[in-house]
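Residues per chain, in single letters:
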Amino acid sequence: MPLHPSTGRKRPPALRDVADLAGVSIKTVSNVVNDYPHVKDSTREKVREAILQVGYRPQVAAQQLRTGASKMVTLAVPALTFSYFSDLAQQFIDEAQLRGQTVVLHSTSGGREAERTVLEGFNRVVGDGVIFNPLLIEEDVFARMERTTQPTVFIGEHLPEKLPQGSDYVRIDNVAAAFEATTHLLDTGRRRIAFLGAIATRHGLQPHSSGNLRRDGYRAALRQHGVAPEEDLVQAVADWHRHDGFSGAAELMARRPDLDAIVCGNDDLAIGVLAQLRRLGRRVPEDIAVVGYDDTPDAPFASPPLTTISPDKHSLAATALDLLTERIQGHDGPPRILDTPYSLVIRESTGPATASTAASVASSAPDAASALTAPSTSDLEEHAP
């Protein structure tokens, strides 16, 4: 390292050290470091080689003071132990890299207080803004806030319709997605369809929790196809991990061995359910069909491959980064709420019911012409339990 002129101590390499070695101006080095255009390829390569030789590293704090932006954003998610969030985080990282941004991952697995720390702006500035998937903070906390402490884009569920200034919200229509998944099962001849994924905790009972929204879509599909929802076909779980699906399926099957399909709150639950059904000797899909939600990387390799709702994670990441970049650059309009696409990916876990299963429920099948389109969240009030 070069020596500091006044102290004689070693100092970190600076732009001028790179410029001296490459034989170019400090401005040219700055243009290369910031990936500006209009630098000749040969010059850019010479500067990069000099950067490697001297070990120069841009100082983010200095850059932020000089330009007002660090090109860093924070992604705060509940836990990377959930397959969905680890997959989603990679989507954000890949998309940010294309934009010259860096994603700082922050897990709020510490619970509600960890989420409050994010909402209150951390204890220090971490990047230019935050993309935040809350899980445990009560919805009325967001509704009472006048403004976020930093540019913020919320993702996920667990949020009210009224959001604080300085924020936007990118989401997927969970109700319509669960409606479509359940309708698919009904179309294969299933009628005794269970929902596994209700969470009977304070945060799980919030109006816009993932479990509630997906359960509401499941119930709406049953009603619109002439099948009355049954309370003992809704199975509560402690959380949405694979072992919760495994134990929840055991309770559900002990209580309702006659069921012929299970809608699961997410893919991790569904993979646990598949393992329990194998242990019980129940064939999938011949005896029981199973559908998940999230289309995690493991879903195509489950046994059998899992039918699931596939959120467009790339669209979600790109849209959230677009909105956050606008906020960082000064947009201060009212909060925007945008829905991103999803699709139903049909795999082997939801094949047609067997002849014996179909015969036992044929009398309850509705006329195909009476089937309705999937509702949005706002359409459900008339179907609410």
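This text goes with the structure placed above it.
Below or above, wherever it landed, is the structure these notes cover. Bear in mind that the values here come from a model prediction, so they are computed numbers and not experimental data. (Residues numbered from 1 in each chain as written. Predicted model: local features only at pLDDT ≥ 70, side-chain atom pairs only at ≥ 80, totals over all residues. Heavy atoms only, no water.)

The next point concerns unusual backbone geometry. A cis amide bond links Val284 with the next residue in sequence, Pro285, at an omega value of 10 degrees. Residue placement: Pro285 occurs in the loop between helix H11 (267–279) and strand E9 (289–293). Of note, the amide linkage connecting Ser303 to Pro304 takes the cis form, showing an omega dihedral of 0 degrees. With respect to the secondary-structure elements, Pro304 resides in the loop between E9 and strand E10 (307–311). For His158, which is not a glycine, the phi torsion comes out positive at approximately 60 degrees. With relative accessibility at 4%, the residue His158 sits in the buried group. Positive phi values are uncommon outside glycine, yet Asp294 reaches one of about 125 degrees. A relative accessible area of 5% means that Asp294 is categorised as buried. (Helix = DSSP H or I, 4+ residues; strand = E, 2+ residues; numbered from the N terminus. Buried < 20%, exposed > 50% of the residue type's maximum accessible area, 1.4 Å probe, protein only.)

Tracing the chain through its elements places Arg214 in helix H9 (residues 210–224). A distance of 2.6 Å separates the side chain of Arg214 from the backbone oxygen of Gly265, its partner in a polar contact. Once residues within four sequence positions are removed from consideration, Arg214 is found in contact with Glu157, Asn174, Ala178, Phe195, Trp240, Gly265, Asn266, Tyr293 and Asp294. (Polar contact = N/O pair within 3.5 Å; in protein donor to acceptor, adjacent residues only side chain to side chain. Contact = heavy atoms within 4.5 Å.)

If you look at the biggest cluster of nonpolar residues, it comprises 65 residues, and the most contacted ones within it are Phe92, Ile131, Ile155, Ile262 and Val290. When neighbours within four sequence positions are excluded, Phe92 is seen to be in contact with Leu75, Val103, Ile131, Ile155, Leu316, Ala317, Ala320 and Leu321. Judged by nonpolar contacts, the second largest core, of 13 residues, contains Leu119, Val141, Phe142 and Leu163. (Core = buried A, V, L, I, M, F, W, Y, C linked by side-chain atoms within 4.5 Å.)

Looking only at helix H6 (residues 112–119), the buried set comprises Ala114, Glu115, Val118 and Leu119. Down the axis of H6, the smallest arc covering the buried residues is 145 degrees, so these residues share one side. The inward-facing, buried residues of H6 contact strand E1 (72–77), strand E2 (102–107), strand E3 (129–132), helix H7 (139–144) and strand E4 (147–155). (Arc of directions from axis to C-beta.)

Where burial is concerned, the two faces of strand E8 (residues 261–264) agree: the one with Ala261 and Val263 and the one with Ile262 and Cys264 are both buried. Inspection of the sheet shows strand E6 (residues 193–198) paired to E8 by four bridges, in the parallel sense. Each bridged residue has a counterpart across the sheet, and for Ile193 the counterpart in E8 is Ala261. In this structure, E8 lies alongside E9, joined through three bridges in parallel fashion. Opposite Ala261, over in E9, you have Ala289 as the bridge partner. Taking the sense of rotation as the criterion, the β-α-β connection linking E8, H11 and E9 turns out right-handed. (Pairing = 2+ DSSP bridges. Right-handed = clockwise from strand over helix to strand, strands pointing away.)

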